[in-house]
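Here is what each chain is made of, one letter per residue.
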Amino acid sequence: MNKTSTNPGPARGPVDHGVRDQIVAAATAHFGLYGYEKTTVSDLAKAIGFSKAYIYKFFESKQAIGELICANCLRQVEADIRAAVDGGNRPPEKLRRMFKATVEASLRLFSEDRKLYDIAASAATERWEAVRAYEGRIQAMLQDILRQGRETGEFERKTPLDEAASAIYLVMRPFLNPLLLQHSFDYTDDAPALLSSLVLRSLSP
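Definitions and limits used
- Residues numbered from 1 in each chain as written.
- Predicted model: local features only at pLDDT ≥ 70, side-chain atom pairs only at ≥ 80, totals over all residues.
- Heavy atoms only, no water.
- 1 Å grid on protein atoms, 1.4 Å probe; cavity = no way out; pocket = protein on both sides within 12 Å on 5 of 7 lines; lining within 4 Å.
- Points joined across faces, edges and corners; volume = space filled by probe spheres on them.
- Helix = DSSP H or I, 4+ residues; strand = E, 2+ residues; numbered from the N terminus.
- Expected span 1.5 Å × (residues − 1).
- Buried < 20%, exposed > 50% of the residue type's maximum accessible area, 1.4 Å probe, protein only.
- Arc of directions from axis to C-beta.
- Axes fitted to C-alpha atoms, helices over the stretch in contact; angles between N-to-C directions.
- Parallel < 35°, antiparallel > 145°, perpendicular 65-115°, else oblique.
- Contact = heavy atoms within 4.5 Å.
- Nonpolar A, V, L, I, M, F, W, Y, C, P; charged D, E, K, R; others polar.
- Phe/Tyr/Trp six-rings, centres within 6.5 Å; stacked < 30°, edge-to-face > 60°.
- Salt bridge = Lys/Arg side-chain N within 4 Å of Asp/Glu carboxyl O.

### Some points on empty space enclosed by the protein
Here comes step 1: For the structure shown, the criterion picks out two cavities of 30 Å³ or more.
Here comes step 2: Considering the residues around the largest cavity, the lining is formed by 13 residues, among which Val 131, Tyr 134, Leu 176, Asn 177 and Pro 178 are closest to the centre.

Shown next as structure tokens:
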């Protein structure tokens, strides 16, 4: 959770300046202790030892800092899902692995870092760009699996590809969206196998 990466939006300040990473690392720790909603830019400035005006040279708002932290978290979830998918041989296996990895990675992120859940919840509620981009990449991953399955003759070809991917994404969404995930904890053990089996039956040619 303390890793930093490229800002999902336009960055302020010198591109190669280590101060931006320092601000993000301090903000991640501060949000982790006190929560995103309860933390102000002034709080971060005091914690880091900078002036609030200096922080604004690098980030236009607290949300901009939160967006970067959120993007980092979602990139890790996406990387875990991608690694699981790449470990499968055939499209049906890839889809099953994607369902399982989605639940496991989301639970690990949103359960182990309870205070940072505030950032994910705000991002989902306000539809931050980091969240929209993440959802788009997950749907693109689904489309790729479906396309492979159609090429091998293992999946049906009548449904438009984007429509099929969107429908499957909606099935997975309770385990991808932090606001919905908190209401789905009772189903996380059985959901990956049950839902992926149902989806695979619907994809049969």
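### Observations regarding helix H8 (residues 161-172)
Here comes step 1: Along its twelve residues, H8 runs 17 Å from first to last C-alpha, staying within 8% of the 16 Å computed at 1.5 Å per residue.
Here comes step 2: For H8, the set of buried residues is Leu 161, Ala 164, Ala 165, Ile 168, Tyr 169 and Met 172. Viewed along the axis of H8, the buried residues span an arc of 135 degrees, placing them on a single side of the element.

### Points about the packing of helix H1 (residues 19-34) against helix H4 (residues 62-86)
Here comes step 1: One can describe the packing of H1 onto H4 by two numbers: an axis separation of 10 Å at closest approach and a directional angle of 85 degrees. Judged by the angle between their axes, H1 and H4 are roughly perpendicular. Residues Ile 23, Val 24, Ala 27, Thr 28 and Phe 31 of H1 form the contact with H4, whose participating residues are Lys 62, Ile 65, Leu 68, Ile 69 and Asn 72.
Here comes step 2: Of the residues belonging to the contact of H1 with H4, the class tally is seven nonpolar, two polar and one charged.

### Remarks on the packing of aromatic side chains
Here comes step 1: Taken as a whole, this structure holds four aromatic pairs when the rule is applied.
Here comes step 2: Measuring from centroid to centroid gives 5.2 Å for Phe 31 and Tyr 36, while their planes differ by 75 degrees, and the two rings are edge-to-face. As far as the burial class goes, Phe 31 and Tyr 36 line up, both buried.
Here comes step 3: Plain terms: the ring middles of Tyr 36 and Trp 128 are 5.7 Å apart, the flat faces sit at 70 degrees to each other, and that makes the pair edge-to-face. Highlighted residues: Tyr 36 in the loop between H1 and helix H2 (41-48) and Trp 128 in the loop between helix H6 (117-126) and helix H7 (129-151), separated in sequence by 92 residues.
Here comes step 4: Residue Tyr 36 is classed as buried on the basis of its relative accessible area, which comes to 5%.
Here comes step 5: Overall, Trp 128 belongs to the buried group, its relative accessible area being 2%.

### Describing the pattern of salt bridges
Here comes step 1: Applying the stated criterion across every chain yields a total of nine salt bridges.
Here comes step 2: When the shortest N-O distance is used, the salt bridge between Glu 78 and Arg 75 registers 3.7 Å. On the criterion of helical spacing, the pair formed by Glu 78 and Arg 75 is a turn pair, its members being three residues apart in helix H4.
Here comes step 3: Since its relative accessible area comes to 14%, Glu 78 is described here as buried.
Here comes step 4: Overall, Arg 75 belongs to the partly exposed group, its relative accessible area being 46%.
Here comes step 5: We note a salt bridge from Arg 147 to Asp 144, for which the minimum N-O separation is 3.7 Å. Here the residue Arg 147 and the residue Asp 144 both occupy positions in helix H7, the gap between them amounting to three residues, near one helical turn.
Here comes step 6: The network of salt bridges with shared partners includes Arg 75, Glu 78 and Arg 137.

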